[in-house]
Structure formats: structure tokens, C-alpha cells
Amino acid sequence: MNKNDKKLSALIKARKQAFSLTIGNQKGGVGKTASSVILAYLLAKKGFKVLVVDLDPQANATKMLINTGMRQAQEQGLEKDFSFNKTLLDAILEKNIEDTIINIIDNLDIVPSDDSFEDFARYVYLNSGAKDDFSFDHVLEPLFADIKPKYDFIVLDTPPSNKEIRSNAVVMTDYVLISLQTQDDSLAGANLYISALVDLKQKYDLPVEVVGVLATLNDPRNTVDKLVLKRAIELFSDEVVFKHVLPNMSRMKRFPIQGVGTSDRFDKYVLDEYEVVANELISKILFYEEGED
Ligand SMILES: Nc1ncnc2c1ncn2[C@@H]1O[C@H](COP(=O)(O)OP(=O)(O)OP(=O)(O)O)[C@@H](O)[C@H]1O
Ligand SMILES: [Mg+2]
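The rules behind the values
Residue positions are counted from 1 within each chain, in the order its sequence is given. Lettering for chains starts from A, numbering for ligands starts from 1, and both go in the order in which the items are written. Local features are withheld for residues below a pLDDT of 70 in this predicted model, meaning they are given only at 70 or higher, and side-chain atom pairs are given and counted only at 80 or more; totals for whole chains, interfaces and linings count all residues. Note that the side-chain values use all heavy atoms of the structure and ignore hydrogens as well as water. The salt bridge criterion pairs a side-chain nitrogen of Lys or Arg with a carboxyl oxygen of Asp or Glu, the two atoms within 4 Å. Each helix corresponds to a stretch of at least 4 residues labelled H or I by DSSP, and each strand to a stretch of at least 2 residues labelled E; elements are numbered beginning at the N terminus. Here's how the labels work: a residue is buried when its accessible area is under 20% of the maximum for its type, exposed when over 50%, partly exposed in between, all with a 1.4 Å probe on protein chains only. What makes a nonpolar core is a set of buried Ala, Val, Leu, Ile, Met, Phe, Trp, Tyr and Cys residues whose side-chain atoms join them at distances within 4.5 Å. By definition in these notes, contact holds between two residues if any of their heavy atoms fall within 4.5 Å. Stacked, tilted and edge-to-face are the three classes applied to pairs of Phe, Tyr and Trp rings, where Trp contributes its six-membered ring and a pair requires centres within 6.5 Å; stacked means planes under 30 degrees apart, edge-to-face means over 60, and tilted covers the rest.

J.: A description of the pattern of salt bridges should follow, citing residues and the corresponding values.
T.: This model, assessed by the stated rule, comprises 19 salt bridges. Between Lys203 and Asp133 there is a salt bridge, with the nearest N and O atoms lying 2.8 Å from each other. Here Lys203, found in helix α8 (residues 184–204), pairs with Asp133, found in helix α6 (residues 133–137); they are 70 residues apart in sequence, far enough to count as distant. You can call Lys203 partly exposed: its relative accessible area is 46%.

See below:
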């Protein structure tokens, strides 16, 4: 852990519960899952205790993390079972998150998802007993109360364009990181996401903050990418947009299949790029937390 990591760790100990961090954008395919999983992996490697909650019925984070666990177990010559028979929807139905948690590597756990989570909205409106906006939007939050003290970070990977999941994630989140592919439709998706977040923040007087907008999949030579990045800085400000911009990295395509790890220089390149982002994220959280004193 570096100096800032230790500072944040002390802060988490003092508040006695995890920071929850949602990765969002209304648009699909903009790097949300890649950033959720790789940032969670690097935070765990730094020594923070991290839980990833896969809120997407596509279950991409679940698959990528299980592959990560299998990759590391294989590298260490260990036999480890990553099969699971309960997912997030079971946790919601049984009001018990703990039974669904699976360990991936040291300090890194996941609440897995699968396609059954497509029924979340139906559950919210028909079976949860919720009767008004407030209770529709607070189906998930109470389930996490007991496990928040056991982690340093709870990272929520969200699907694109799903109102019920977005609202339930935002109300239980301290910080939102917007993943921004440097393309125009992704910027529009970021805007939509942030205005929904601002509405929820006002409606329920939430402490949630946009911790940063992370530009990714960027081609620094392309005029559209340059223009979108410039517009993002104008729209969200220099402070909000991460200084470090993630390039398009071909190794990223392998991570969902092979899991995250460092076997060669191409893996290391991706992880080094994300390490800069993880450090920037930590200093941004410290900025917000220390500013509140
Ligand atoms: N920096 C990058 N360089 C190259 N490829 C990337 C990068 N980031 C993500 N990708 C790839 O882009 C695709 C979309 O990324 P990802 O699944 O993380 O997006 P998403 O926003 O979670 O999508 P969805 O909205 O469908 O959940 C994936 O194939 C991923 O491997
Ligand atoms: Mg995703």
C-alpha cells in the first residue's frame, strides 16, 4: 500500500464500513465491466477487501472474475471450485446476501449474477411488497447493511439502460464512476446517467457523488475521440474527468475469457494502465472525504 492507500484504509476503518462504488453509463459496451473487474482486482492486490456485486443479467463480471480465480488457482497449482448455485436474485428473494458470496482470490469476492436477474424489475413491482417510489428504489440497499462492515470496497457493475437496477444501485452508493468510451453516444449515455443520478440525489437527499468520468477505449489519433474527450472536460470539468485516459488495448479482449492476471508484458501493460486509474480514484475519494471535514 502506498501513502494514499494507507490514508484511505485508515479512513475506512474509522467509518467502519465499505465505500460502495458504482460503475455506470446508460450506454452499453463502454468498458463498465472491464473497469469494475480490473479496478476491483487491483484494489484487492493493494490489500483492500473488495466485494464485486454483479448487477447485470449478462453476468459478464461474474464470468470474468471466475476466470480470474481459475487462472490464479491454475498458476499456483491449486484446485479451486468456483461453481455456485445461488445468485443475486436468490439473495434478494431469501434476503440473504452472505450465502451467495464466492471467493475469487485473496481479498476479492463476488456476488454472482445470471440471466435470472432479468426478472429484477418484475420482482420490484410485483413481489417485493414495495408500494411507492422510495420502496421500489430501496429493494437492494437493506440487504447490504450487514456485509458493509466486512469490506473496504463494494463495487457494483451495472447493466446499460435499466432504470430499476440503476436506481437501486445509486441509492446504496457513495461514489459513481462513469465509464466513458470516447464516442458521441457514450457521452450522451453518460449525460443521461448523471441526470438520473442528480434526480435521485435530490429526491432522497443522497450523499452519492460522481467521483469521476473515466475515458476509455480511446484512440488518441482519432478526431472524434479527441473531440468527445474535449467536450467531456467542458461538460464535467477538468477535475471530474480522470487525468489518465485509457487507450484501446487489444489484450483487453482476452481478459473476459482468460481472466485478469499478469503472465506477460501485454497483461502488465493493461494492469499498469489501470493502476494509474486506481491511484487516481483513491486520491479523488480522499479529496471528497477530506473536503467534507
Ligand atoms: N480499454 C479497452 N481496450 C480495448 N478493449 C476494451 C477496453 N475496455 C473494454 N474493452 C472491451 O470492450 C468490450 C466492452 O467492454 P465491457 O464489457 O467492459 O463494456 P460494458 O460497458 O460493461 O458493456 P455492457 O453495457 O454490455 O455491460 C469488451 O469486449 C471489452 O473486453
Ligand atoms: Mg458490462
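Still more to cover.
J.: Break down the nonpolar core for me, with residues and values.
T.: Ranked by internal contacts, the top residues of the largest apolar core, which has 48 residues, are Leu8, Ile38, Val50, Leu108, Phe153, Leu177 and Tyr274. For Leu8, the contacting residues outside a window of four places in its chain are Phe19, Phe48, Phe153, Ile282, Ile285 and Leu286. Of all hydrophobic cores here, the second largest spans 27 residues; its members include Phe117, Ala130, Leu140 and Ile147.

J.: Lay out the packing of aromatic side chains with the relevant residues and their values.
T.: A complete count under the given rule lists eight aromatic pairs for this structure. Taking the centre distance of 6.5 Å and the plane angle of 40° together, the rings of Phe19 and Phe153 count as tilted. In this pair, Phe19 is assigned in strand β1 (residues 19–24) and Phe153 in strand β5 (residues 153–157), connecting sequence segments 134 residues apart. Geometrically, the ring pair formed by Phe48 and Phe153 is edge-to-face, given 5.3 Å between the ring centres and 85° between the ring planes. Pair noted here: Phe48 is in the loop between α2 (32–46) and β2 (50–54) and Phe153 is in strand β5, with a separation of 105 residues, a long-range link. Of the aromatic side chains, those joined through ring pairs into one cluster are Phe19, Phe48, Phe153, Tyr175, Phe287 and Tyr288.

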